[in-house]
Amino acid sequence: MNDLSDETEQAHDTPCEHCGIFTLGGDIPIQGAWRDITYVPVRDNIWSVSEGIYRTIFLKGQKGVVAFDTLTTPGTARAYAAAVGRVYPNNPIHTIVYSHDHLDHTGYAADMAPDANIIAHELCDKVVRARRSDGQLPATEVFADERKSYSIDGNEFELIYPGPTHGDGNIAAYFPESKVLFMVDTVIPGVGYTFFPDWHFTPYVSAMKRLLSLDWDVFVPGHFWITDRQGFIDSLDYYDRMSEFAQQAIINGLDPHDWAEVTKYTNLNLAGEFGQLFRFGEYCAMNLSRYMQQYLTGGWGIEGNWQQDTTPL
Amino acid sequence: MSQLNTGLFTAPNAREYLEREPEMSVDRISGRLWTISDGVRRTIFLEGHSSVVAFDTFGTPGAAKAYHKAVEATIPGKPIGTVIYSHDHLDHAGFAEDFAPEAEIIADEMCAKVIRLRQASGQRIPTRELNGTRHEIDIDGLQFTLLNPGPTHGTGNLSAYFAEERLLFSSDTILPNARYGLMPDYHIWNLVRFMRGLLDLDWDTFVPGRYEITNRDRFIHGCDFIEAVQEECQRAFAEFVPIWVMDAMQGYVAAKLGDRFGDLDGFGEHIGLIATRIVHHYLMGGWSLEDTPEPGYLLADQLT
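### A few points about the overall build of chain A
Here is step 1 of the chain: Secondary structure assignment for chain A yields 11 helices and 14 strands.
Here is step 2 of the chain: The C-alpha extent of chain A, read off along each of the three principal axes, is 60 × 45 × 40 Å.
Here is step 3 of the chain: The contacts in chain A between residues at least 6 apart in sequence include a share of 66% that link residues at least 24 apart.

Listed below in structure tokens is the structure:
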């Protein structure tokens, strides 16, 4: 694993020229801030990069690079491009694949590779175009199918939309020769992220389980560390158990908005089963509160009520 | 044992929770209009010539039955002929089968699409769908206006304007306090701008879908509050506050807004939750088409 902490001062000081959906005006320090990026080979031509919290992949091609996502800010997008350049000098990022629509993963192609071809699922692209966020470029190539095979610059892979999971048009990238699966903001090591922002609970687990019909043994998530098939299955089991805990919490009279009580209830009732999971103390109570809403309000919007699909891919 | 409508519950021991009938409190607002609350959630109903027009159903079969009994006791001898869904959520509109199984159900067309998709046990499918932003309603001698200003909270959220009473009813949008929790299914990009648009109407009483009745000035204060949180969340994010840590967000935003909005009930308990939710709007960019500058509904054209 390598470290880019010795990047140039000029790169550190690059001002924020793309500001997402900030409306504050003026300088927005976090947007331009440099982040040190680590990179690691996964298998074959697949590399993974991370700034510690966010993770994505890129592929070495014959003439250039296929990069997935853009990381979190203009500063991290530039750092990501620099990391790619360290691994594969003098070869352009000619293609970016968007995992889904959210700015913290795909918001800054304008800073990373403004001339690249951008591939996205059409549901993702519809939201990106409607959002008009500063720095997030619309796709130049969209697909609407459940599965689509790509052969780009010597790399063969499939993009797969298993159904609504998180965000919009969230796709998995499947590398059958390498037996690697990459998907962002779905399976993540540890408990769920904060309050499961923009997760579509009704179809989520069944859609994710469809990916188990494919032959892979390495899973690269959009956050934290790389895991395997069992780690993937364990994560989905957590969602099923949280669904049961949430119903019981409502039956027991817990108010999901009473933060002190939700925290107390979580520590009392869930620590035994989940207390060893990464970030239990920070997020599990928020996970429970959000899951309780699923049963109080019903799913949210069309995607949050999409009926479960259990058919194999 | 009678057939129990369960919403989305699958737990085998949910019966007691679902059947429990809360105590309801009914208050008359005008000659034709009442408000009812279970202590947290709130809605309204009206007396027509020969029937009752009721908004929403409350959130369990037991609460729906308690609502029905309260209407019957308040307006004896007139059936509930019409139920209007404020929006799609089960905690407000989930149990018409228990509240008024024969009534006409009116809802926004997008609300109806979500309900058909959801197939929750007890949530009746609308029989009359409204398409558009403004509808002049005339039912059984009752005239009022239903408004869908755009995505605010949930799907197809309708506000009701009663010109005669100079009153606005809107469920789970602007609250009279700061008790928003994690702001479930709020569309942050559009909430305040669409709700402020309702200030173009002439009203001075605001009936929210939760907590106590309030007035125009407090409604404006509530809009100001959400906007101020949005601004301070951006500053927190811009200034490297660890936005995924609730205590950090609570400390930053509460310190900035305590003087101006500390008067809102629940401010201290909820500001960390609200800020954690809103700051993720700026991190992620909003959630789906409802949460964009030109809102729409993804996948809507694939539904009947």
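### Notes on the interface of chain A and chain B
Here is step 1 of the chain: Taken together, the contact between chain A and chain B spans 48 residues of the former and 56 residues of the latter.
Here is step 2 of the chain: Listing elements by their share of the side of chain A that touches chain B, those giving two or more residues are α2 (29-32), α4 (103-106), α6 (122-131), α8 (229-251) and α11 (280-297) of chain A.
Here is step 3 of the chain: With 7 residues, α11 of chain A is the single largest residue contributor to the side of chain A that touches chain B.

### Topic: the packing of helix α8 (residues 246-261) of chain B against helix α9 (residues 267-284) of chain B
Residue and element names in this part refer to chain B.
Here is step 1 of the chain: Taken N-terminus to C-terminus, the directions of α8 and α9 make an angle of 115°; their axes are 8 Å apart at the nearest point. Classified by chirality, the crossing of α9 by α8 is right-handed. Mapping the contact onto sequence places M246, D247, M249, Q250, V253, A254 and F261 in α8 and F267, I271, G272, A275, T276 and V279 in α9.
Here is step 2 of the chain: The residue inventory of the contact of α8 with α9, partitioned by class, reads 9 nonpolar, 3 polar and 1 charged.

### Notes on the sheet that holds strand β5 (residues 80-84) of chain B
Residue and element names in this part refer to chain B.
Here is step 1 of the chain: Pairing in this open sheet of 7 strands is mixed, and the strands run β1-β2-β3-β4-β5-β6-β7 from one edge to the other. At either margin of the open sheet sits one strand with a lone partner, and together these are β1 (25-28) and β7 (128-130). Neighbour-to-neighbour, the strand axes of this sheet turn through a mean angle of 20°, independent of strand direction.
Here is step 2 of the chain: When strand β2 (residues 33-37) meets strand β3 (residues 42-47), the two strands line up antiparallel, connected through 5 bridges. Residue pairing for β3: S37 is matched across the bridge by R42.
Here is step 3 of the chain: Across the face of the sheet, helix α2 (residues 61-74) comes into contact with β1, β2, β3, β4 (52-55) and β5 while running at roughly 145° to β2.
Here is step 4 of the chain: The strands that helix α5 (residues 109-118) touches are β6 (104-108) and β7; relative to β6, the one it contacts most, it runs at about 110°.

### Remarks on the sheet that holds strand β13 (residues 214-215) of chain B
Here is step 1 of the chain: The strand order across the open sheet built from 6 strands is β8-β9-β10-β11-β12-β13 (chain B), with neighbouring strands paired in mixed fashion. At either end of the open sheet lies a strand with only one pairing partner, and these are β8 (134-139) and β13 of chain B.

### Focus on the domain arrangement of chain B
Here is step 1 of the chain: For chain B, the domain assignment lists domain 1 (15-172) and domain 2 (227-291).
Here is step 2 of the chain: Each of domain 1 of chain B and domain 2 of chain B has a C-alpha centre, and these two points are 32 Å apart.

### Observations concerning the packing of helix α7 (residues 216-238) of chain B against α8 of chain B
Residues and elements named next belong to chain B.
Here is step 1 of the chain: Remark: α7 packs on α8, axes separated minimally by 10 Å, with the N-to-C direction vectors making an angle of 140°. Between α7 and α8, the angle is such that the two are oblique. Note that α7 runs across α8; the crossing there is right-handed. Where α7 abuts α8, its residues F225, A228, V229, E232, C233 and A236 lie against M249, Y252, V253, K256, L257, R260 and F261.
Here is step 2 of the chain: Residue classes in the contact of α7 with α8 are distributed as 10 nonpolar, no polar and 3 charged.

### Overview of the nonpolar core
Here is step 1 of the chain: Counting residues in each nonpolar core, the largest one holds 189 residues, and the members touching the most others are F58, Y80, A173 and L288 of chain A together with F45, V83 and V279 of chain B.
Here is step 2 of the chain: Each of domain 1 (15-172) and domain 2 (227-291) of chain B gives at least three residues to this core.
Here is step 3 of the chain: The contact partners of F58 of chain A, leaving out residues within four places of it in the chain, are W47, V49, V65, V66, A67, F68 and V84 of chain A.

### Quick word on the environment of R277 of chain B
Here is step 1 of the chain: Inspection of the secondary structure assignment puts R277 of chain B in helix α9.
Here is step 2 of the chain: Placed 186 residues apart in sequence, R277 of chain B and D91 of chain B show a C-alpha to C-alpha distance of 21 Å.
Here is step 3 of the chain: For R277 of chain B, the contacting residues outside a window of four places in its chain are F195 of chain A together with L182 and M183 of chain B.

### Focus: the confidence of the model for chain B
Here is step 1 of the chain: Chain-level statistics for chain B give a pLDDT mean of 97 and a share of 99% at 70 or above.
Here is step 2 of the chain: Scored by ipTM, the complex comes to 0.97, with pTM at 0.95.

### Describing the pairing of strand β10 (residues 155-160) of chain A
Here is step 1 of the chain: Here 6 bridges tie strand β9 (residues 147-152) of chain A to β10 of chain A, and the two strands are oriented antiparallel to one another. By the bridge assignment, Y150 of chain A is partnered in β10 of chain A with F157 of chain A.

### Describing α7 of chain B
Here is step 1 of the chain: End to end, α7 of chain B covers 33 Å across 23 residues, agreeing with the expected 33 Å (1.5 Å per residue, within 8%).
Here is step 2 of the chain: F219, G222, F225, I226, V229, Q230, E232, C233, Q234, A236 and F237 of chain B are the residues of α7 of chain B that are buried.
Here is step 3 of the chain: In this structure, the buried residues of α7 of chain B make contact with α2 of chain A together with α6 (191-197), β12 (205-208), β13, α8 and α9 of chain B.
Here is step 4 of the chain: Backbone geometry just downstream of α7 of chain B places F240 of chain B in the positive-phi region, at approximately 70°.

Thresholds, definitions, all that
- Residues numbered from 1 in each chain as written.
- Chains lettered and ligands numbered in written order.
- Predicted model: local features only at pLDDT ≥ 70, side-chain atom pairs only at ≥ 80, totals over all residues.
- Helix = DSSP H or I, 4+ residues; strand = E, 2+ residues; numbered from the N terminus.
- Contact = placed C-beta atoms within 7 Å.
- Axes fitted to C-alpha atoms, helices over the stretch in contact; angles between N-to-C directions.
- Left-handed = near helix turned anticlockwise from the far one by under 90°.
- Nonpolar A, V, L, I, M, F, W, Y, C, P; charged D, E, K, R; others polar.
- Pairing = 2+ DSSP bridges.
- Domains from an automatic or database assignment.
- Parallel < 35°, antiparallel > 145°, perpendicular 65-115°, else oblique.
- Core = buried A, V, L, I, M, F, W, Y, C linked by C-beta atoms within 7 Å.
- Buried ≥ 20, exposed ≤ 12 C-beta atoms within 10 Å, placed from the backbone.
- pLDDT = per-residue confidence, 0-100.
- Expected span 1.5 Å × (residues − 1).

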